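Close look at the chain arrangement
This is what each chain is made of:
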Amino acid sequence: MLGRLGIGPDEEAVYRVMLKDGPGAVSGLAEALGWPEERARSALDRLAALSLVRPSADGGPGRPVDPELGLTSLLASQETELLERERQIRASRVAVAGMLADIRATGGQDVTEVQKLRSMDQIQSKIEHLAGTCTSEIAAFVPGGGQSEAHLEAARPLDTSTSDRGVRLRYIFLDSCRNSPATREYVAWLGERGGLVRTVPRLPLRMLIYDRSRAIVPMDPAAADMGALVLNGTGALTALLALFEQTWQQAQPLGESAADAVAGTEGPLTPPERAVLDLLTEGLTDEAIARQLGVSVRTIRRVTADLMQRLGARSRFEAGVLATSKGWVNL
């Protein structure tokens, strides 16, 4: 029961006996529990390390700390550690963002390796050029959930021309697109032309990779109007390829039903629930989570309420602490 606080079964058993019967001697504790004295002494040592047992004035094995004080202090310590881990993650993100900003400002070591596209017209023209000249594969992350009919119709001519040339199409959408009839119809049409579509609960950014040698990514994933970068044979492209392949292996074919997708999931959470919990622990609001996962705010609030109930948490922060102790959160 107290394992989430780092207290093992032996420590908990000894602590409960001491709270009930008083400190006593090690031999008395061992006799009460039916253990060898060495086992009881080892549990006492670990309780002392956790500050749940303090030295006795009479030189005995120690006296138990009031649980309201001791256990609350342990929980507070874990919360502090969690906050520190979150601070370190935030600091790492700032450092990465700074490095990317430097790369964007200088255009990398070679201006031909990183090209900046400032306007939507430039981006669309580059997409048309790369799609028209690629020869083997287009791999893409497509966030935003279900796609609008207008967007799908605009994409159809390019997908037609590339698939007619024998170019393999591999697209990864969000799970939420399963609820979009227009998107499902488009995927069926794409499948007839040899295209492959899978879905995941969460995507890190919008991305297009052509022939495994060129990629288009947003300059700022949170602000599409900031423009895009075209990467040509850079180290970053290698990382993006690895990210796509890893995500592809974890994704579910869109042709499978939602029930089939969930049935194949290991662990206590479905992929959508894990995505929501990961974003909650990052401090995102319901609105921001809904945007990332391509679902409604009402859906996020329903999933959050269910997760908190399952965890027995009274707040989002407590839910994060409990989820981390259970190994449900990807830190």
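Computed from a predicted structure; not experimentally measured. (Residues numbered from 1 in each chain as written. Predicted model: local features only at pLDDT ≥ 70, side-chain atom pairs only at ≥ 80, totals over all residues. Heavy atoms only, no water.)

Regarding helix 11 (residues 286–293)
- Those residues of helix 11 that sit buried are Asp286, Ala288, Ile289, Ala290 and Leu293.
- Looking one or two residues past helix 11, Gly294 carries a phi angle of roughly 70°, positive in sign. (Buried < 20%, exposed > 50% of the residue type's maximum accessible area, 1.4 Å probe, protein only. Helix = DSSP H or I, 4+ residues; strand = E, 2+ residues; numbered from the N terminus.)

Some details on the pairing of strand 4 (residues 137–142)
- With six of six residues buried, strand 4 lies mostly within the body of the structure.
- Side chains Glu137, Ala139 and Phe141 project from strand 4 onto one buried face, and the interleaved Ile138, Ala140 and Val142 project onto a second face that is buried too.
- In this structure, strand 4 lies alongside strand 5 (residues 168–174), joined through six bridges in parallel fashion. Considered in strand 5, the bridge of Val142 is made with Phe173.
- When strand 4 meets strand 7 (residues 207–210), the two strands line up antiparallel, connected through four bridges. Among the inter-strand pairings, Ala140 is bridged to a residue of strand 7, identified as Leu208. (Pairing = 2+ DSSP bridges.)

A look at the packing of aromatic side chains
- Summed over the entire model, instances satisfying the criterion amount to three aromatic pairs.
- Ring centres of Tyr186 and Trp189 lie 5.2 Å apart, and the angle between their planes is 45°; on these two criteria the pair is classed as tilted. Taken together, the positions of Tyr186 and Trp189, both in helix 7 (residues 181–192) and three residues apart, correspond to about one turn of that helix.
- Above the ring of Trp35, the side-chain terminus of Arg39 is found at 4.0 Å from the ring centroid. (Phe/Tyr/Trp six-rings, centres within 6.5 Å; stacked < 30°, edge-to-face > 60°. Lys NZ or Arg CZ within 6 Å of the ring centre and 35° of its normal.)

Considerations on the pattern of salt bridges
- Counted under the stated rule, the structure contains 16 salt bridges.
- Of the charged contacts, one joins Arg46 and Glu11 as a salt bridge, the two residues approaching to 2.4 Å between their closest N and O atoms. In this pair, Arg46 sits in helix 3 (residues 37–49) while Glu11 sits in helix 1 (residues 9–21), placing the two residues 35 residues apart along the sequence.
- The partly exposed category is assigned to Arg46, whose relative accessible area is 37%.
- Across the pair Glu12 and Arg16 runs a salt bridge whose closest N-O atoms are separated by 3.1 Å. You can see Glu12 and its partner Arg16 sitting in helix 1, four residues apart, about one turn around the helix. (Salt bridge = Lys/Arg side-chain N within 4 Å of Asp/Glu carboxyl O.)

Quick notes on the sheet that holds strand 7
- Pairing in this open sheet of eight strands is mixed, and the strands run 3-9-8-7-4-5-6-10 from one edge to the other. Of all the strands in the sheet, the pair left with one neighbour each is strand 3 (114–117) and strand 10 (252–253).

Quick notes on the environment of Ser77
- Structurally, the position occupied by Ser77 is in helix 4 (residues 67–106).
- Separated by 72 residues in the primary sequence, Ser77 and Leu5 place their C-alpha atoms 9.4 Å from one another.

Structural notes on helix 1
- Between its first and last C-alpha atoms helix 1 spans 18 Å; for 13 residues at 1.5 Å apiece the expected length is 18 Å, and the two agree.
- Taken together, the buried positions of helix 1 are occupied by Asp10, Glu11, Glu12, Val14, Tyr15, Val17 and Met18.
- Phi turns positive one or two residues past the end of helix 1, at Gly22, with a value near 90°. (Expected span 1.5 Å × (residues − 1).)

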